[in-house]
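Notes for the structure review
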Amino acid sequence: MKKLFEFKTRTIVATGLGAALFMLLFMYIKIPTGIQETDIKTAYGIGAFFAALFGPIAGGLIGFIGHALSDAILYGSPWWSWVIASGITCFGVGFVYPKLRIEEGIFGMSDIIRFNVVQIISNLVAWVVVAPVLDIVIYAEPANLVFLQGVVAFISNSISAGVIGTILLVIYSKTKSQKGSLSKEG
């Protein structure tokens, strides 16, 4: 049985790789939404994918480190309220980890629904509550702007995680052998 907060060597390697991919996608593969400083980020699909495969600790670190490094490189310093929200998003998605059987080659419709319900809830909490509240508390940003940005980020990040994350999980599960799928010929 998979443990929710298991952290093995494989998880550490996946966290480093995931954070690097998250950072690069966050910086370079994005679609403007028309709302100030709020883009559709493909990085959340990768973050959700890794979180579903390796759990909440790996997911949280991937979102947090990837976003922090991206901000530091692009802007000179991280925008901490959104960095924390990215970490929370991917951490939350990781809670689906023990329920999925991807390593056994199984990722059916009920798994897709479970994954997407968890990622939508994680995005909702992170972007409609955490990011705007921290923007107001840390940076004294205007409430109407940050809640608008938060709702747009929630919708766009949920779509990114839902579409990209689901596609990657389906493809990855197909690379694994299902238990009992190989028979001994004799």
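Description of the structure in this document. Quantities reported herein were computed from a predicted structural model and do not represent experimental measurements. (Residues numbered from 1 in each chain as written. Predicted model: local features only at pLDDT ≥ 70, side-chain atom pairs only at ≥ 80, totals over all residues. Heavy atoms only, no water.)

Moving on to the nonpolar core. Core analysis: the largest hydrophobic core is formed by 32 residues, its most contacted members being Phe-22, Phe-50, Phe-107, Phe-115, Trp-127 and Leu-169. Mapped by element, the contributors of at least two residues to this core are α1 (9–28), α2 (43–54), α3 (56–75), α4 (80–93), α5 (109–139) and α6 (143–174). No other element matches the 10 residues that α2 contributes to this core. Ignoring any residue separated from it by four or fewer positions in sequence, one finds Phe-22 in contact with Ala-43, Tyr-44, Ile-46, Gly-47, Ile-62, Gly-63, Gly-66, His-67, Ser-86 and Cys-90. (Core = buried A, V, L, I, M, F, W, Y, C linked by side-chain atoms within 4.5 Å. Buried < 20%, exposed > 50% of the residue type's maximum accessible area, 1.4 Å probe, protein only. Helix = DSSP H or I, 4+ residues; strand = E, 2+ residues; numbered from the N terminus. Contact = heavy atoms within 4.5 Å.)

There is about 490 Å³ of room inside the largest pocket. Along the walls of the largest pocket sit 25 residues, with Glu-37, Asp-71, Tyr-75, Trp-79 and Trp-82 positioned nearest its centre. Elements with a contribution of two residues or more to the lining of the largest pocket: β2 (38–41), α3, α5 and α6. For the lining of the largest pocket, the class distribution of residues is 11 nonpolar, 7 polar and 7 charged. Estimated volume of the second largest pocket: approximately 160 Å³. Considering the residues around the second largest pocket, the lining is formed by Lys-2, Glu-6, Lys-8, Arg-10, Thr-11, Leu-53, Phe-54, Tyr-97 and Glu-103. Counting residues per element, the ones that place at least two in the lining of the second largest pocket are α1 and α2. Residue classes in the lining of the second largest pocket are distributed as 3 nonpolar, 1 polar and 5 charged. (1 Å grid on protein atoms, 1.4 Å probe; cavity = no way out; pocket = protein on both sides within 12 Å on 5 of 7 lines; lining within 4 Å. Points joined across faces, edges and corners; volume = space filled by probe spheres on them. Nonpolar A, V, L, I, M, F, W, Y, C, P; charged D, E, K, R; others polar.)

Moving on: the packing of α4 against α5. Where α4 contacts α5, the two axes come as close as 8 Å, and the packing angle between them is 160°. Between α4 and α5, the angle is such that the two are roughly antiparallel. Crossing geometry of α4 relative to α5 is assigned as right-handed. Of the residues belonging to the contact of α4 with α5, the class tally is 15 nonpolar, 7 polar and 1 charged. (Axes fitted to C-alpha atoms, helices over the stretch in contact; angles between N-to-C directions. Parallel < 35°, antiparallel > 145°, perpendicular 65-115°, else oblique. Left-handed = near helix turned anticlockwise from the far one by under 90°.)

Let us look at the side chain of Ser-158. Within the secondary structure, Ser-158 sits in helix α6. Judged by relative accessible area, Ser-158 falls into the buried class, the value being 10%. Those residues in contact with Ser-158 that lie beyond four places of it in its chain are Gln-119, Ile-120, Asn-123 and Ala-153.

This next bit is on α1. Taking 1.5 Å of rise per residue, 20 residues should cover 28 Å, and α1 covers 29 Å from first to last C-alpha, within 8% of that figure. The inward-facing, buried residues of α1 abut β1 (30–35), β2, α2, α3 and α4. (Expected span 1.5 Å × (residues − 1).)

Per the counting criterion, the structure on display carries 1 cavity of 30 Å³ or more. Lining the largest cavity are Lys-2, Ala-52, Leu-53, Tyr-97, Leu-100, Ile-102 and Glu-103. Looking at the lining of the largest cavity, its residues break down into 5 nonpolar, no polar and 2 charged.

Now for the pattern of salt bridges. This structure, assessed with the given rule, holds 4 salt bridges. With its nearest N and O atoms 3.1 Å apart, the salt bridge here joins Glu-103 to Arg-10. Remark: Arg-10 occurs in helix α1 and Glu-103 occurs in the loop between α4 and α5; sequence separation between them is 93 residues. Accessibility expressed as a relative area gives 46% for Arg-10, which makes it partly exposed. With a closest N to O distance of 4.0 Å, Lys-41 and Asp-39 form a salt bridge. Under the relative-accessibility criterion, Lys-41 is labelled buried at 10%. (Salt bridge = Lys/Arg side-chain N within 4 Å of Asp/Glu carboxyl O.)

Take the packing of α3 against α4 next. One way to put it is that α3 packs onto α4 with a least axis distance of 6 Å and a crossing angle of 155°. When the axis of α3 is compared with that of α4, the two are roughly antiparallel. Between α3 and α4 the crossing geometry is right-handed. Across the interface between the two elements, Pro-56, Ile-57, Gly-59, Gly-60, Gly-63, Phe-64, His-67, Ala-68 and Asp-71 of α3 pack against Trp-80, Trp-82, Val-83, Ile-84, Ser-86, Gly-87, Cys-90 and Phe-91 of α4. In the contact of α3 with α4, the residues fall into 10 nonpolar, 6 polar and 1 charged.

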